[in-house]
Amino acid sequence: MVMRTVRPVVLLACLVQTSMAAAEPGAAVPALIPRPAQMSVQAVCFELKPTSEVIVGTADAEVRAVAGYLADHLRTLTGNALPVTERATSDGLFPAGSLVLLGGPGDRQAAGEEAYTLRITPTEVRLEAAHARGLFLGVQTLRQLAQPVLTTGPAPAGAACTFPCVEISDVPRYRWRGMLLDCGRHFMSKEFIKRYIDLLAYHKLNVLHWHLTEDQGWRVQIKKYPKLTEVGAWRGQGEQRYGGFYTQDDVREIVAYARSRYVTIVPEIEMPGHCQAALAAYPELSCTGGPFEVSTQWGVREDVYCAGNERTFEFLEDVLSEVIALFPSEYVHIGGDECPKARWQACPKCQARMRAEGLRDENELQSYFVRRIERFLNSHGRRLIGWDEILEGGVAPDATVQSWRGLKGAVAAAGANHDVICSPTTHCYLDYAQAKHPEEPTQMGYVPLETVYSFEPTPPELSAEAARHILGAEGNMWTEHAPEARVDWQVFPRLCALAEVMWSPREARDWGDFQARLRVHYARLDALGVNYYVPAPRFVRDGQVVTQGVFSGALAVSLDNPFGAGELFYTVDGSEPTAASLRYQAPVELKETTVLKARTLLPNGRTSCSAEARFERSD
Ligand code: ACM
Ligand code: ZN
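Basis of the calculations
Residue positions within a chain follow its written sequence, with the count starting from 1. By the order in which they are written, chains take letters starting at A while ligands take numbers starting at 1. Since the coordinates come from a predicted model, pLDDT governs what is reported: local features require at least 70, and pairs of side-chain atoms require 80 or more to be given and counted, while whole-chain, interface and lining totals use all residues. The basis for the side-chain values is all heavy atoms of the structure; hydrogens and waters are excluded. Coordinating donors are taken as N, O and S atoms within 2.8 Å of the metal, stretched to 3.2 Å for Na, K and Ca; because water is absent from the atoms, sites can appear incomplete. Square planar and octahedral assignments, for four and six donors respectively, both demand that opposite donors be over 155 degrees apart and that all other angles lie between 65 and 115; tetrahedral needs four donors with all angles between 85 and 135 degrees, and anything else is irregular. Working definition: with a 1.4 Å probe on protein chains only, accessible area under 20% of the residue-type maximum means buried, over 50% means exposed, and in between means partly exposed. Paired strands, in this sense, are two strands between which DSSP finds at least two bridges. Segments assigned H or I by DSSP are reported as helices when at least four residues long, segments assigned E as strands when at least two residues long, and all are numbered from the N terminus. Note on definitions: angles span 0 to 180 degrees between N-to-C directions of axes, and those axes are lines fitted to C-alpha atoms, for helices only across the stretch in contact. In this description, contact between two residues means that some pair of their heavy atoms is separated by no more than 4.5 Å. Convention used here: angles under 35 degrees read as roughly parallel, angles over 145 as roughly antiparallel, angles from 65 to 115 as roughly perpendicular, and any remaining angle as oblique. Take the far helix as the reference: if the near one is turned anticlockwise from it by less than a right angle, the crossing is left-handed, and if turned clockwise, right-handed. Note on residue classes: Ala, Val, Leu, Ile, Met, Phe, Trp, Tyr, Cys and Pro are nonpolar, Asp, Glu, Lys and Arg are charged, and everything else, Gly too, is polar. Think of a polar contact as two N or O atoms within 3.5 Å of one another; within protein, one of them needs to be a possible hydrogen donor and the other a possible acceptor, and neighboring residues in sequence only count if both atoms come from side chains. When a carboxyl oxygen of Asp or Glu lies within 4 Å of a side-chain nitrogen of Lys or Arg, that pair is called a salt bridge. What pLDDT reports is the predictor's confidence in each residue, on a scale of 0 through 100. Each Phe, Tyr or Trp ring (for Trp, its six-membered ring) is paired with any other whose centre lies within 6.5 Å, and the angle between the two planes then decides the class: stacked below 30 degrees, edge-to-face above 60, tilted in between. Only lysine NZ and arginine CZ atoms are considered, and such an atom sits over a ring when it is within 6 Å of the ring centre and within 35 degrees of the ring normal. Multiplying 1.5 Å by the residue count of a helix minus one yields the expected span of that helix.

1. So, the coordination of the zinc ion (ligand 2)
Expected angles at a metal are 109.5 degrees for tetrahedral coordination by four donors and either 90 or 180 degrees for octahedral coordination by six donors.
Now for step 1: Those protein atoms acting as donors to the zinc ion (ligand 2) are Cys287 (SG), Cys306 (SG), Cys347 (SG) and Cys350 (SG), and they sit at 2.3 Å.
Now for step 2: For the zinc ion (ligand 2), the four donor atoms are set out with angles of 106 to 114 degrees between them, so the coordination reads as tetrahedral.
Now for step 3: Sequence spacing among the residues donating to the zinc ion (ligand 2) works out to C-x18-C-x40-C-x2-C. Just as Cys347 is buried, Cys350 falls in that class too.

And the structure:
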């Protein structure tokens, strides 16, 4: 017999109203990242039962796929395989204990498509959305609501799993919520890319901007130009030889995976600069004819595609034709940044092109280049994105501009009715260090978590009309100094902060509250195997953070743990601290010149960088 519940009515009497979350007395506000647009919480919960089912109210294949995805996650939490069943009701009632996914093949409007509501009562989880995409995003919320957080491996069959009773109505602030992953400087495995797609989805990001071509490596197979990967995917010689590329089958597999996670992959094929790997394969596309090697140094190269040579455009159109066939994304990123003009200035073909086209300078030649590529993309139903340098010399008519040198480009482009994606170095560059620390690569600069969290993608000087052109933002993970094994350390937890910047209402952002939620979220990141950044301890003298000091007589130095969890271990003999070193309990009394070193150690064995300070006795 099917048990019927009355249609769930959530009584939200005596709720305490915080900025975006209302909580009944005694109810803990769940630590969701990104924070939902609206949430109320009760002090009771829904418990998954062995008899629970995932119910869909439609035969829509996408909705069923989302339900299957939810059932898979619940299996890892409880060890139970929940059936996915389709039921239609005339009265809106479903068996008690069910997780019900309603809606689906409806509204495909940009914002509506991602909105969802989630109502959890003691008897039912009910997720509703106009489109499967919204249901998928609601499932990410459910994954974060599940208690307990799974910390290791699959749970034993029958493990308890509860969800706090909440009522959530959620919709993203921005429709473009992305992360750039540079696979040109360092090649990343197919499995690693899929893992990142999952991590993006978990934080409700929906764009993977896949940087596939660089001076240091060409990473995507192009059938018409095999040397791009035979030659261009490899740099260095002998033991130093390094590289790799994605076959077209690999790309199709990754694109299909991303599609199942509602993540769009936007490929970036760099032009007219950052193309030395391509020129190493096909030097005839340069102004000088080469020869070239795939770069083994970081930085900006002078050799770029020749803008006066028709073969350059034939080549790029051929490449883009294959790229378009692989990637369903409406947008194709063509780079456009950091293109030195020296070769064009000295090249007879480039100069002849400028005369023939009436172009005043090399910036206009770049603009000609980008406009021509845009015409090609538009004629194939695609749209062009370029870095903010594409504004110089005149922006192509339909181009979307990615503003990275601050937000000046965003203001100029949006003011001229161009769509914009914001990823200024100051707030969004995940290759920059998270702290000034000798073990962190600070040659690029540093962007602390709080700075990322404070990011406001919509420049205040824009009119309401122009502000509508701000599609969203991206975190940029350039990888000169980050092979695959380092990427998590750079990306997390800053991507969590950016996720909230891009998803949550502006007025819901609260740094203190975010930090508290992040402490809970770290357990989820642990469960997902994320090697997030752990800040090093700090030395405090007389209430001031110090990195060195001089004293006479004696000195008491305290250790501060900015991570807020784990234990601190230290040494006074210059050796590296380990779990076998002194455990910090009280200020360290120094009586002689001492090099203090300290580390934070987490219960799971992970550790921060080592902090070091020298205190010199002067008397
Ligand atoms: C860039 O960082 N060169 C876009
Ligand atoms: Zn040229």
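2. What to know about the sheet that holds strand S18 (residues 383-387)
Now for step 1: Ordered in space as S10-S11-S16-S17-S18-S19-S20-S21, the eight strands form a closed barrel in which the pairing is parallel. Direction aside, the axes of adjacent strands within the sheet are offset by 30 degrees on average.
Now for step 2: Relative to strand S17 (residues 331-335), strand S16 (residues 264-271) is paired through two bridges, and the arrangement is parallel. Note that in S17 the partner of Met271 across the bridge is Gly335.
Now for step 3: Contacts from helix H12 (residues 408-415) reach strand S19 (400-403), strand S20 (420-422) and strand S21 (470-477), with the element oriented near 160 degrees to S19.

3. Overview of the packing of helix H8 (residues 310-326) against helix H11 (residues 362-379)
Now for step 1: For the pair H8 and H11, interaxial distance at closest approach is 11 Å and the crossing angle is 40 degrees. Judged by the inter-axis angle, H8 sits oblique to H11. Taken as a pair, H8 and H11 cross one another with a handedness that is right-handed. Contact with H8, carried on its side by Glu310, Thr312, Phe313, Leu316, Glu317, Leu320, Ser321 and Ile324, involves Tyr368, Phe369, Arg372, Ile373, Phe376 and Leu377 of H11 and no other residues of that element.
Now for step 2: In terms of residue class, the contact of H8 with H11 is made up of nine nonpolar, two polar and three charged.

4. Re the side chain of Asp419
Now for step 1: Here Asp419 shows up in the loop between H12 and S20.
Now for step 2: Residue classification places Asp419 among the buried residues on the basis of a relative accessible area of 14%.
Now for step 3: Side-chain polar atoms of Asp419 contact the side chain of His469, separated by 2.8 Å.
Now for step 4: Setting aside chain neighbours within four positions, we find Asp419 in contact with Tyr331, Arg383, Ala399, Thr400, Val401, His469 and Leu471.

5. Quick word on the pattern of salt bridges
It is possible for side chains bearing opposite charge to pair when their charged atoms get close.
Now for step 1: The final tally for this structure, using the stated rule, is 41 salt bridges.
Now for step 2: Two residues, Arg87 and Glu53, come together in a salt bridge whose shortest N-O distance is 3.0 Å. Of this pair, Arg87 sits in the loop between strand S5 (84-86) and strand S6 (98-103) while Glu53 sits in the loop between strand S3 (38-47) and strand S4 (54-56), and the two are 34 residues apart along the sequence.
Now for step 3: With relative accessibility at 25%, the residue Arg87 sits in the partly exposed group.
Now for step 4: A salt bridge links Arg177 to Glu114, with the shortest nitrogen-to-oxygen separation between them at 2.8 Å. Of this pair, Arg177 sits in strand S10 (residues 176-182) while Glu114 sits in helix H2 (residues 110-114), placing them 63 residues apart in sequence.
Now for step 5: It is possible to trace a salt-bridge network through shared partners that takes in Arg35, Glu500, Asp513 and Arg517.

6. Quick notes on the confidence of the model for the protein chain
Now for step 1: Here the protein chain averages 93 in pLDDT, and 95% of its residues register 70 or above.
Now for step 2: When pLDDT is averaged over each helix and strand of the protein chain, the minimum, 42, is found for strand S1 (residues 16-17) and the maximum, 99, for strand S11 (residues 207-211).
Now for step 3: In this model, residues 1-19 is a region of pLDDT below 50 whose contacts with residues beyond four sequence positions or in other chains number 44 contacts.

7. Quick look at the sheet that holds strand S25 (residues 555-560)
Now for step 1: Within the open sheet, the four strands sit side by side as S23-S22-S25-S28. Their pairing is antiparallel. Of all strands in the sheet, those with a lone pairing partner are strand S23 (544-546) and strand S28 (588-590), marking the two edges. Ignoring strand direction, the axes of neighbouring strands in this sheet form an average angle of 40 degrees.
Now for step 2: Relative to S28, S25 is paired through three bridges, and the arrangement is antiparallel. By the bridge assignment, Leu555 is partnered in S28 with Leu590.

8. Remarks on the pairing of S6
Now for step 1: For S6, the buried fraction is high: five of the six residues fall into the buried class.
Now for step 2: As judged from the three bridges shared by S4 and S6, these two strands associate in the parallel manner. Among the inter-strand pairings, Ile55 is bridged to a residue of S6, identified as Val100.
Now for step 3: Direction of pairing for S6 relative to strand S8 (residues 124-129): parallel, over a ladder of six bridges.

9. What about the pairing of S19?
Now for step 1: By the alternation rule, side chains of S19 split into Thr400 and Gln402 and Val401 and Ser403, which are all buried.
Now for step 2: Summarising the sheet, S19 and S20 pair through three bridges and their orientation is parallel. Following the sheet pairing, Ser403 is matched in S20 by Cys422.

10. Focus: the packing of aromatic side chains
Now for step 1: All chains considered together, the criterion is met by 30 aromatic pairs.
Now for step 2: An aromatic cluster is built from Trp218, Tyr225, Tyr282, Tyr305 and Phe315, whose rings are joined through pairwise contacts.
Now for step 3: Sitting above the plane of the Phe313 ring, Arg372 keeps its charged end 4.0 Å from the centroid.
Now for step 4: Sitting over the ring of Tyr532, Arg606 keeps its end group 4.3 Å from the ring centre.

11. Comments concerning unusual backbone geometry
Now for step 1: The residue after Gln147, namely Pro148, is reached through a cis peptide bond having omega -5 degrees.
Now for step 2: Its location among the elements puts Pro148 in the loop between helix H3 (132-145) and strand S9 (162-170).
Now for step 3: Located in the positive-phi region is His274, a residue other than glycine, with phi close to 50 degrees.
Now for step 4: Along the chain, the position of His274 falls in the loop between S16 and helix H7 (276-281).
Now for step 5: Among the residues examined, His274 registers a relative accessible area of 3% and is labelled buried.
Now for step 6: Within the chain, Asn417 stands out as a residue other than glycine whose phi angle is a positive 65 degrees.
Now for step 7: Considering the arrangement of structural elements, one finds Asn417 in the loop between H12 and S20.

12. A look at the packing of helix H1 (residues 61-78) against H3
Each pair of packed helices gets described by two things: the angle between the helix axes and the distance between those axes.
Now for step 1: Following both chains from N to C, one finds H1 and H3 inclined at 10 degrees, their axes separated by 9 Å at the closest point. Regarding the angle of H1 to H3, the classification is roughly parallel. In this structure, H1 contributes Glu62, Val63, Val66, Tyr69, Leu70 and His73 to the contact, and H3 contributes Ala132, Leu135, Phe136, Val139, Gln140, Leu142 and Arg143.
Now for step 2: Taken together, the residues of the contact of H1 with H3 break down into nine nonpolar, two polar and two charged.

13. A few points about H11
Now for step 1: A rise of 1.5 Å per residue sets the reference length of H11, with its 18 residues, at 26 Å; its end C-alpha atoms lie 26 Å apart and thus fit the reference within 8%.
Now for step 2: Among the 18 residues of H11, 13 are classified as buried, and the element is accordingly described as predominantly covered.
Now for step 3: Capping the start of H11, Asp361 holds a side-chain oxygen 3.1 Å from the backbone nitrogen of Asn363, two or three residues further along.
Now for step 4: Within two residues after H11, Gly381 carries a phi angle of roughly 75 degrees, on the positive side.

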